[in-house]
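If you want the building blocks of each chain, they are given just below.
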Amino acid sequence: MTNHEKNVSNMFNSVKDTMASEPDVISEFPALAEDQAELIAGIAKIEKDHKDFITVSKGMTEDKHNSVNLAIKFGVPIKCALYSTGSKEPRNEKLIAESSVTEYELGRLNEIDFKSIMNVILDNARANAATILISHKITSDNIAAAQAALDNAVAKGGAKDSSFNDRSSLRKALTKDFDDTNNLLTERYDHDAEILRKDHIDLYNKYKAARVIKDLGGSHNSNKSTPPPTTTPAQ
């Protein structure tokens, strides 16, 4: 949620809790009881869609991060063995250059460069398998495991990119949730609450106080609050 959405959400919950504190009064008026039920449902939908949005966004990022770290973990011993092998006389400067990337540098590469450099390392490992097996006990299984980890990391990156539609869809749903719940209050609940003014003025005043959107921080206007739209008193 944005900071403004958090403030609006707090207002929704304040209205819900305020009216829930007087169930006997609410039960006298079917219109208010219906408004309250729909407000509770609207808040629940906001919370669900927000949770789903966070789960998709965070889950995909962590999954990709973990898969890259695993590929690096398997790849670093191999690239070190290749660097050492290239440094022996007669020196193989090409092999040294293609194995000189550090573990730290691997972790900071973009997806394209990471895939390219790791594939070069693994291609060199297969080409020098006999040598690095003897000197560093790097087996074909080690190389295959590193390749599988790299392929998985690349796939996770693609999955993260493809999740954009899911995140976008959930973001739109969350925005609609706020619009729908806000419309419930401005078009119905605010008007229905006017029936409280005659015999339940205290609850009416509490409702009006709860309807203020308070900025609890995170924006440049932290000392301001937004009152609800003015409603026409019942005649």
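Our subject is the structure listed above.
Cut-offs and rules
Residues numbered from 1 in each chain as written. Predicted model: local features only at pLDDT ≥ 70, side-chain atom pairs only at ≥ 80, totals over all residues. Heavy atoms only, no water. 1 Å grid on protein atoms, 1.4 Å probe; cavity = no way out; pocket = protein on both sides within 12 Å on 5 of 7 lines; lining within 4 Å. Points joined across faces, edges and corners; volume = space filled by probe spheres on them. Helix = DSSP H or I, 4+ residues; strand = E, 2+ residues; numbered from the N terminus. Nonpolar A, V, L, I, M, F, W, Y, C, P; charged D, E, K, R; others polar. Salt bridge = Lys/Arg side-chain N within 4 Å of Asp/Glu carboxyl O. Buried < 20%, exposed > 50% of the residue type's maximum accessible area, 1.4 Å probe, protein only. Polar contact = N/O pair within 3.5 Å; in protein donor to acceptor, adjacent residues only side chain to side chain. Phe/Tyr/Trp six-rings, centres within 6.5 Å; stacked < 30°, edge-to-face > 60°.

As for the layout of surface pockets
1) Next: Roughly 260 Å³ of internal volume is contained in the largest pocket.
2) Next: Surrounding the largest pocket, 16 residues form its lining, Lys64, Val68, Leu109, Glu111 and Phe114 being those nearest its centre.
3) Next: Every element with two or more residues in the lining of the largest pocket is listed here: α3 (30-87), α5 (103-108), α6 (111-127) and α8 (140-162).
4) Next: For the lining of the largest pocket, the leading source of residues is α3, giving six residues.
5) Next: Classifying every residue of the lining of the largest pocket by side-chain character gives eight nonpolar, five polar and three charged.

Brief notes about the pattern of salt bridges
Here the idea is simple: oppositely charged side chains can pair when their charged atoms come close.
1) Next: Across all of its chains, the model carries 14 salt bridges by this definition.
2) Next: In this structure, Arg171 engages Glu5 in a salt bridge whose closest nitrogen and oxygen atoms are separated by 2.4 Å. Of this pair, Arg171 sits in helix α9 (residues 164-192) while Glu5 is found in helix α1 (residues 3-20), placing the two residues 166 residues apart along the sequence.
3) Next: A relative accessible area of 23% means that Arg171 is categorised as partly exposed.
4) Next: Judged by relative accessible area, Glu5 falls into the buried class, the value being 11%.
5) Next: The salt bridge involving Glu93 is made with Arg91; its shortest N-O contact spans 2.9 Å.
6) Next: Since its relative accessible area comes to 43%, Arg91 is described here as partly exposed.
7) Next: When salt bridges that share partners are traced, they join Glu34, Asp35, Glu38 and Arg188 into one network.

Focus on the side chain of Glu194
1) Next: With respect to the secondary-structure elements, Glu194 resides in the loop between α9 and α10 (201-210).
2) Next: Separated by 3.1 Å, the side chains of Glu194 and Arg197 make a polar contact.

What about unusual backbone geometry?
1) Next: A cis amide bond, omega -10°, links Glu89 with the succeeding residue Pro90.
2) Next: Along the polypeptide, Pro90 turns up in the loop between α3 and α4 (93-98).
3) Next: The backbone phi angle of Lys137 is positive, close to 60°, even though this residue is not glycine.
4) Next: Summarising the element assignment, Lys137 is placed in the loop between α7 (129-136) and α8.

Some remarks on the packing of aromatic side chains
1) Next: Per the stated rule, a full pass over the model turns up two aromatic pairs.
2) Next: Plain terms: the ring middles of Tyr189 and Tyr207 are 5.3 Å apart, the flat faces sit at 40° to each other, and that makes the pair tilted. Of the two residues, Tyr189 sits in helix α9 while Tyr207 sits in helix α10, which places them 18 residues apart along the sequence.

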